[in-house]
Structures are given as structure tokens and as C-alpha cells.
Amino acid sequence: MPETQHNHREIIINVENLEHSYGNFKAVDGISFSVKKGEIFSFLGPNGAGKSTAINILITLLAKQKGDATVAGYDVTKDPQKVRESIGIVFQDITLDRDMTVWEILEFHGRLYNMPPEQRRKRIEELLDLVELGAKRNERTKNLSGGMKRRLEIARGLMTRPKVLFLDEPTIGLDPQTRMRMWDYIKGVNNEGTTIFLTTHYMDEADQLSDRISIIDQGKIVISGTSWELKNTLGRDLIYLETNDNNAAIRLLQDLPSVRDVKPKRKGFVLMVNEDGTKVLPVVIDVLRNAGIETLTINLKKPSMDDVFVFYTGKELRDEPSGKIPMRPGGR
Ligand SMILES: Nc1ncnc2c1ncn2[C@@H]1O[C@H](COP(=O)(O)OP(=O)(O)OP(=O)(O)O)[C@@H](O)[C@H]1O
Ligand SMILES: [Mg+2]
């Protein structure tokens, strides 16, 4: 199982009971989590959940109010300079000088961090290769596409070979294809040994990229774990049903030994089952038929990250469906 892969590794980000308020409004409400060296860790959460606030505290841009936070072994309050030297950052909003060229952006950043000229030049070449911007090296950033700008920002964040790269919604506003390419770049960066902390509100992104995920909603972490662990908390399979009498059907089915939980939906309901759904399905059909209940729709699927998100935040999705889900219950 993938979740044991990094268990032995040392912790590179540690956060305990972190809180942050803007005036009376508690944007981050006592979160605790840790990130292990070498992993890709995601904060998954809807708009306004508190992701950027938490990230801004970790990158020492926002003063910590309450709780503890260390990055690369350094306390964000006591050793902010050491933290900054250990990290690279890609902000949620594009922060490139429009009139500088791709090369100049990277060159300037290297100078800022006192990299010697030869090392600078080599690193820029490496990074242009990594994010496939070599052909655009002399282009002004205002003439780059959104995806290219993002890639350039990632390259800039990596100039100093940071231990941890923070990516705040790296793929926001990019088309699905470009987003998937971006995942490849991020994986490439991670393979170079950089720990990745990213925030996203795309379920599929967190699912595909991360070793571990924390779902954050209204300033609180609602669940943490590997993608497999999160999905598994919903049961082994989900059976979506619509019948001509859903209430009666739920009453009959909820006590079946293999049924872990029942969630009513707009037009039907979902059975969360602990066993192989293909074995449970015939039993369900029998029970309903014997009770004279007519089944209108049946749909069996594995829990997806969308299901996890809806289950733990109680929110329906706001973004476009991720497209990788083979079957989507009609009445979610
Ligand atoms: N400088 C600020 N002053 C007042 N309120 C703020 C400030 N920054 C953020 N907030 C509020 O704190 C909450 C959390 O904001 P934050 O930017 O951390 O969310 P987020 O999870 O990053 O959302 P998004 O996905 O939209 O980027 C929101 O309700 C936001 O309006
Ligand atoms: Mg944000």
C-alpha cells in the first residue's frame, strides 16, 4: 500500500494547533498536521477554507498568532530567515514582472539569492529544461500563456534548490490538459528530492498528485490521510439507488450487515458498503423486490475523492466534474 511508503521519513513541516484570525473572523481554527520529507502533501479545500492563510504563515509572510509551526526544522516565528532560505514559493496570484524576459526573471532571482554566475546559468538551463520553456527564454513574460507563466513561476521557486516548495493553487485557471502537464512538472520537481506542499480545490489534483492529503473546510482540518485511506473511510464500494419509495428502501437496507452507512441524495440514496459491491448488489435487489419496491436506477462505484469531499464537508462540488469518474450518480 502506498501509504506506508514514507512512514519512516523525517518530518519537514510540523504544525500544531495553528490559529489565525482577521479581526473577529477565525480563518484558521486550530489545525495540526505534519509533512514528511520527500512527499507531496496537499491541502484540499473550498474557497475561503483557510489554505492561503495557513500557507502564508508557513512561508513567514503572515505573523503567527497562535500555535506552533516549524519548516525544515526552523520555527517560523523564531527563525524566519532560516525558513525563507529553505523554501521556494509559488503564490496563488501570478507575480512576474511583465516586461522582464523568462531568462531575466530567473537570473534576477538567482542574483537576489547571491548565487555565483556560473551556478546561476547552469541552474537556469536545468530549470528551463524541466519546465520546457527553453524556446521562450528571451520572451517577455507578458507574452506567455497562463500555463507558461505558472511553469516559469515554478522554475523561479526552484532556483535556490529549496528543501520545500510551496505551491498555492498552482493550476488555477488552467485548462484540463495544461493542468495535467503541470502535475508532471510537479512530480518531476518532487523526484529531484524537493518536498511539495500544495493547496488546491481540485479533487482530482489532490488525488493524483499527493502522497497525503488534508481536507480543510472553514478553518478546520476535517480529515487527513493518503488518498486510499480517505476513500476507504467511506467504505469499499458505493451503491447509488433510486426507487419508487426511497424511505422504505432505506429502512430495509440500512440494517444489512454489509451496509456501513446510508446517505440520502436529491433523487435517491447511497449505500456505503464494507464488502465487494458486486456481492452486495444482488442481495439489495432481492430485498427490494421482495418488498415490492421498484428500482429505477442502480449504480455501483468505488468512492472517489469527490465523494470523500462531499461526505466530509457536506458541500456539493463547485468545480467542473473531474472527468475521470467512470460512473457518476445522477442525483448527487
Ligand atoms: N487579509 C485578510 N483580511 C480579512 N479577511 C481575510 C484576509 N485574508 C483572508 N481572509 C478571509 O479568511 C478566510 C480564508 O481565506 P484564505 O485566503 O486563507 O482561503 P483559501 O482557502 O486560500 O481560499 P481560496 O481557495 O479562495 O484561495 C476567507 O474567509 C477570507 O475572506
Ligand atoms: Mg487561497
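Analysis parameters
- Residues numbered from 1 in each chain as written.
- Chains lettered and ligands numbered in written order.
- Predicted model: local features only at pLDDT ≥ 70, side-chain atom pairs only at ≥ 80, totals over all residues.
- Heavy atoms only, no water.
- Helix = DSSP H or I, 4+ residues; strand = E, 2+ residues; numbered from the N terminus.
- Buried < 20%, exposed > 50% of the residue type's maximum accessible area, 1.4 Å probe, protein only.
- Contact = heavy atoms within 4.5 Å.
- Areas by Shrake-Rupley, 256 points an atom, 1.4 Å probe, with all protein chains shown as cover.
- Lys, Arg positive; Asp, Glu negative; His and termini not counted.
- Charge placed at Lys NZ, Arg CZ, Asp CG, Glu CD.
- Donors = N, O, S within 2.8 Å, 3.2 Å for Na, K, Ca; no water.
- Phe/Tyr/Trp six-rings, centres within 6.5 Å; stacked < 30°, edge-to-face > 60°.
- Domains from an automatic or database assignment.
- Core = buried A, V, L, I, M, F, W, Y, C linked by side-chain atoms within 4.5 Å.
- Salt bridge = Lys/Arg side-chain N within 4 Å of Asp/Glu carboxyl O.
- Near = heavy atom within 4 Å.
- Polar contact = N/O pair within 3.5 Å; in protein donor to acceptor, adjacent residues only side chain to side chain.

Chemist: Where do I start with the overall build of the protein chain in this structure?
Modeler: Broken down by element type, the protein chain carries eleven helices and 14 strands. Taken along the three principal axes of its C-alpha coordinates, the protein chain extends 80 × 45 × 40 Å. Within the span of the protein chain, comprising 332 residues, buried residues form 52% of the whole. Look at the contacts in the protein chain between residues 6 or more apart in sequence, and 70% of them connect residues 24 or more apart. About 15,800 Å² of surface is accessible on the protein chain, with carbon and sulfur atoms providing 47% of the total. Positive and negative charge centroids in the protein chain, built from 48 and 47 side chains respectively, lie 2 Å apart.

Chemist: Help me understand the coordination of the magnesium ion (ligand 2) in this model?
Modeler: When a metal carries six donors in an octahedron, the ideal angles between them are 90 or 180 degrees, while four donors in a tetrahedron ideally lie at 109.5 degrees. The coordination sphere of the magnesium ion (ligand 2) contains the protein donors Ser52 (OG) and Gln92 (OE1), at a distance range of 2.0 to 2.3 Å. Here Gln92 lies in the loop between β6 (87-90) and α3 (102-112) and Ser52 lies in helix α1 (residues 51-58), a separation of 40 residues in the sequence. The exposure class of Ser52 is partly exposed, given its relative accessible area of 21%.

Chemist: What's the story with the packing of aromatic side chains in this structure? I'm lost.
Modeler: Each pair of aromatic rings is reported with the distance of its centres and the angle of its planes. Taken as a whole, this structure holds eight aromatic pairs when the rule is applied. Plain terms: the ring middles of Phe166 and Phe197 are 5.4 Å apart, the flat faces sit at 40° to each other, and that makes the pair tilted. One end of the pair, Phe166, is in strand β7 (residues 164-168); the other, Phe197, is in strand β8 (residues 195-200), and 31 residues separate them in sequence. Here Phe166 and Phe197 have matching classes, each one buried. Among the aromatic residues, ring-to-ring pairing joins Phe33, Phe41, Phe43, Phe166 and Phe197 into one connected group.

Chemist: Mind showing me how you'd approach the domain arrangement of the protein chain here?
Modeler: Interfaces are often sized by the accessible area lost when the parts come together. What the domain assignment lists for the protein chain is domain 1 (8-230) and domain 2 (235-302). Averaged C-alpha coordinates put domain 1 and domain 2 at centres separated by 42 Å.

Chemist: Help me out: how do you make sense of the nonpolar core in this one?
Modeler: Nonpolar side chains tend to gather and get buried jointly when the protein is soluble and globular. Grouped together as the largest cluster of nonpolar side chains are 31 residues, with contacts concentrated most on Leu106, Leu152, Ile154, Leu165, Leu167, Ile186 and Ile196. Counting residues per element, the ones that place at least two in this core are α3, α4 (117-130), α5 (146-158), β7, α6 (176-191) and β8. Apart from the residues lying within four places of it in its own chain, the contact partners of Leu106 are Ile124, Leu128, Leu152, Ala155, Arg156 and Met159. With 26 residues, the next largest nonpolar core counts Phe33, Ala54, Ile59 and Phe197 among its residues.

Chemist: How should I be thinking about the pattern of salt bridges in this particular structure?
Modeler: A side chain of one charge can pair with a side chain of the opposite charge if their charged atoms are brought near each other. Counted under the stated rule, the structure contains 26 salt bridges. Glu19 is the partner of Lys26 in a salt bridge, and the nearest nitrogen-oxygen pair spans 3.3 Å. When salt bridges with common partners are traced through the structure, they connect Glu19, Lys26, Asp29, Lys66 and Lys220 into a single cluster.

Chemist: I would appreciate a short explanation of the site of ligand 1 in the present structure.
Modeler: Neighbouring ligand 1 are 14 residues, the closest being Gly48, Lys51, Ser52, Thr53 and Glu169. Taking Lys51, its side chain carries an N or O atom lying 2.7 Å from an oxygen atom of ligand 1. Ser52 is positioned such that a nitrogen or oxygen atom in its backbone is 2.8 Å from an oxygen atom of ligand 1. When contributions to the shell around ligand 1 are tallied by element, the ones reaching two or more residues are β2 (25-36) and α1.

Chemist: Please clarify how unusual backbone geometry should be interpreted in this entry.
Modeler: It is generally the case that most residues other than glycine have a negative phi and that most peptide bonds are trans. Of note, Ala72 is a non-glycine position whose phi angle comes to about 55°, a positive value. With respect to the element layout, Ala72 can be found in the loop between β4 (66-71) and β5 (74-75).

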